[in-house]
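Descriptive structure summary
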Amino acid sequence: MSGPQRREQLVAVGRAVFAERGYEATSIEELAVRADVSKPVVYEHFGGKEGLYTAVVDREMQRLLDRFTAALAQGGGPRALLERAALALLDYVEDDTDGFRVLARDSPGAGSYSSLLGEIAHRVEHLLAEQLAARGHDPQPAGLYSQALVGMVALVAQWWLEHRTTSKDEVAARLVDLAYSGLSHLDPHPVLHTVRLDPA
């Protein structure tokens, strides 16, 4: 097996093992056994468990980001954008379950999933700002709304990972209905309607 082929094999094995066991519960020994190589081979290619984990996470983040970029690049109205964005994530959960499990788990160092969601929200923000402005709303809160929408979809995707009794299309449709119904009736100057109680 050539060096690049061995590296690809180790990434594939790492993806499966990290998805199954998580970073902390995975050992170099287990990775080596599953790949049918010696521990020094893993060290040679990745410097250790964290290096392999980083390679797996980087690849999965790029895969998911590519899906979102392709979905949002098609343009269209706000409902179409919401539908494509929701389906992009749910398709990824369905097609690349191991990859999603790796991203959604707690990871060492900076939160990779949080960073990825922040990047997706940033890409959604300018599209949302355009839609708000076109409807006579102040585009300034677009950043807040994009974080809220991406966060909602991301949490539902994590829930759906373990609750597949609801179909992907129904999950996407209900998500979009909730988000779009709210966006289409935005109050340009929202205020709280409950009385704030002083803490005791």
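Residues numbered from 1 in each chain as written. Predicted model: local features only at pLDDT ≥ 70, side-chain atom pairs only at ≥ 80, totals over all residues. Heavy atoms only, no water.

Helix and strand content of the chain: nine helices and zero strands. Secondary structure elements of the chain occur, N-terminal to C-terminal, as α-α-α-α-α-α-α-α-α. Taken over 200 residues, the chain has a buried fraction of 42%. If you take every contact in the chain between residues at least 6 apart in sequence, the share linking residues at least 24 apart comes to 66%. (Helix = DSSP H or I, 4+ residues; strand = E, 2+ residues; numbered from the N terminus. Buried < 20%, exposed > 50% of the residue type's maximum accessible area, 1.4 Å probe, protein only. Contact = heavy atoms within 4.5 Å.)

Positive phi, close to 60°, is recorded for Asp36, a residue that is not glycine. The residue Asp36 is located in the loop between α2 (28-35) and α3 (39-46) in this model. Given the relative accessible area of 69%, Asp36 is considered exposed.

A few words now on the pattern of salt bridges. Under the definition given, this model contains 17 salt bridges. Put simply, Asp96 and Arg63 hold a salt bridge, and the shortest N to O gap is 3.9 Å. Remark: Arg63 occurs in helix α4 (residues 49-73) and Asp96 occurs in the loop between α5 (78-95) and α6 (97-104); sequence separation between them is 33 residues. Looking at Asp96, the relative accessible area reads 14%, which means it is buried. Arg101 is the salt-bridge partner of Glu162, the closest N and O atoms lying 2.9 Å from each other. Note that Glu162 is positioned in helix α8 (residues 142-162) and Arg101 in helix α6, a separation of 61 residues in sequence. (Salt bridge = Lys/Arg side-chain N within 4 Å of Asp/Glu carboxyl O.)

What follows concerns the confidence of the model for the chain. Scored by pLDDT, the chain comes out at a mean of 87, with 94% of its residues at no less than 70. Ranking the elements of the chain by mean pLDDT puts helix α7 (residues 112-134) last, at 83, and α2 first, at 96. (pLDDT = per-residue confidence, 0-100.)

Turning next to the packing of aromatic side chains. According to the stated counting rule, one finds four aromatic pairs in the structure shown. Ring centres 4.9 Å apart and planes at 70° place the aromatic pair Tyr23 and Tyr53 in the edge-to-face group. You can see Tyr23 sitting in the loop between α1 (3-21) and α2 and its partner Tyr53 sitting in helix α4, a full 30 residues away along the chain. With respect to class, Tyr23 is no different from Tyr53; both count as buried. Ring geometry for Tyr92 against Phe100: centres 6.3 Å apart, planes inclined by 75°, an arrangement best described as edge-to-face. Accessibility expressed as a relative area gives 0% for Phe100, which makes it buried. An aromatic cluster of at least three residues, connected via ring pairs, comprises Phe18, Tyr23 and Tyr53. (Phe/Tyr/Trp six-rings, centres within 6.5 Å; stacked < 30°, edge-to-face > 60°.)

Moving on, we get to the side chain of His137. Positionally, His137 belongs in the loop between α7 and α8. Sequence-distant contacts of His137, that is, excluding residues within four places in its chain, are made with Leu132, Leu186 and Pro188.

This part is about α6. Of all the positions in α6, only Gly99, Phe100, Val102 and Leu103 are classed as buried. Buried residues of α6 fall within an arc of 160° about the axis and therefore sit on the same side. (Arc of directions from axis to C-beta.)

To continue, consider the side chain of Glu60. Tracing the sequence through the fold places Glu60 in helix α4. Here the side chain of Glu60 touches Tyr92 through a polar contact of 2.6 Å, side chain to side chain. (Polar contact = N/O pair within 3.5 Å; in protein donor to acceptor, adjacent residues only side chain to side chain.)

Here Trp159 lies in helix α8. The class of Trp159 is partly exposed, set by a relative accessible area of 40%. When sequence neighbours within four positions are dropped, the list of residues in contact with Trp159 reads Thr166 and Val171.

A few words on the packing of α1 against α6. Following both chains from N to C, one finds α1 and α6 inclined at 60°, their axes separated by 8 Å at the closest point. As far as their axial angle goes, α6 and α1 are oblique. The two elements α1 and α6 meet at a crossing, and its hand is left-handed. Between α1 and α6, the contacting residues are Arg15, Ala16, Phe18 and Ala19 on the first element and Asp98, Gly99, Arg101 and Val102 on the second. Tallied by class, the residues present in the contact of α1 with α6 amount to four nonpolar, one polar and three charged. (Axes fitted to C-alpha atoms, helices over the stretch in contact; angles between N-to-C directions. Parallel < 35°, antiparallel > 145°, perpendicular 65-115°, else oblique. Left-handed = near helix turned anticlockwise from the far one by under 90°. Nonpolar A, V, L, I, M, F, W, Y, C, P; charged D, E, K, R; others polar.)

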